[in-house]
Amino acid sequence: MSTWPRDSHHTAAYVTPAGADWLASASACPRSVHALWAQRPSVPVTLPCGTAFDVVSMDALFGRRVVSRLWTDGPGTGPVATQRDRVMLFAAPGAARRLGALLGWEEWAAPAPPLLCYGWGDAVTVPPPYPQETPAPASTGRWLVAPDVRRPWLPGPEALLWACVRAARAASQALGRTPVTSAPAVFPG
């Protein structure tokens, strides 16, 4: 029996109080994050990566393919957000660094865009817990799968590698191309 979540209870539309606790736990000052969200719940916040979560950011189309692959054939996902033209997959701490190394060893399909891997020492802007009532600018972002528990399941590098390679190979086959090796991971900073 798998211990990976495949059920639909991990697809909350809004960040729950328990999910907000988890997000705020990434900050050195969780109370400040909660205080800001109590006053302005539709404001995005920049949080450090590497302790509560890492983030793997990818092109929107490719990101949706990866998320779809994780949900249809794989273990599911933890929280997932969109921001501008990117999909942000929240991953287990340490996954971003390890994923980059694993992707470098794996045969990678040509149409796969570069991944931005945010881990220890990096920070990301997370969407607000509640969307704005008026249409928000694309830079604010939104949750596709909002955090809804205090300790959400987060995919590790192996699950992410599996989904990225399969999504890239499927895209390559759809375009009639053969897989090639490349270095897709980029580490900001």
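These numbers were taken from a predicted model, which means no experiment stands behind them.

Colleague: Got a sec to walk through the packing of aromatic side chains? Specific residues and values, please.
Modeller: Under the definition given, this model contains five aromatic pairs. Plain terms: the ring middles of W22 and F90 are 6.2 Å apart, the flat faces sit at 65 degrees to each other, and that makes the pair edge-to-face. You can see W22 sitting in helix α1 (residues 17–24) and its partner F90 sitting in strand β4 (residues 86–91), a full 68 residues away along the chain. Note on F90: relative accessible area 0%, which makes it buried. For the pair F90 and W143, a centre-to-centre distance of 5.4 Å together with 40 degrees between the ring planes defines the contact as tilted. Taken together, the positions of F90 in strand β4 and W143 in strand β7 (residues 142–145) put the pair 53 residues apart, joining distant regions of the chain. By the burial criterion, F90 is buried, and W143 matches it. In textbook terms, an aromatic cluster arises when at least three aromatic residues are bridged by ring pairs, as seen for W22, F53, F90 and W143.

Colleague: Requested: an account of the pattern of salt bridges, with residues and values cited.
Modeller: Pairing between side chains of opposite charge can happen when their charged atoms approach one another. Going through the model one piece at a time under the given rule, you end up with one salt bridge. Here R69 and D73 are joined by a salt bridge, their closest N and O atoms 3.1 Å apart. Classification of D73 as partly exposed rests on a relative accessible area of 46%.

Colleague: Give a description of the nonpolar core that names residues and reports values.
Modeller: Formed by 25 residues in total, the largest nonpolar core has its most connected members in M58, F62, V66, L89 and L115. For this core, the element with the most residues is helix α5 (residues 157–174), which contributes seven residues. The contacts of L89, once residues within four sequence positions are left out, are D54, V55, V56, M58, V66, V67, L70, T77, P79, V80 and L160. Membership of the second largest hydrophobic core comes to 23 residues, among which are A20, V33, F90 and V124.

Definitions and limits used
- Residues numbered from 1 in each chain as written.
- Predicted model: local features only at pLDDT ≥ 70, side-chain atom pairs only at ≥ 80, totals over all residues.
- Heavy atoms only, no water.
- Phe/Tyr/Trp six-rings, centres within 6.5 Å; stacked < 30°, edge-to-face > 60°.
- Helix = DSSP H or I, 4+ residues; strand = E, 2+ residues; numbered from the N terminus.
- Buried < 20%, exposed > 50% of the residue type's maximum accessible area, 1.4 Å probe, protein only.
- Salt bridge = Lys/Arg side-chain N within 4 Å of Asp/Glu carboxyl O.
- Core = buried A, V, L, I, M, F, W, Y, C linked by side-chain atoms within 4.5 Å.
- Contact = heavy atoms within 4.5 Å.

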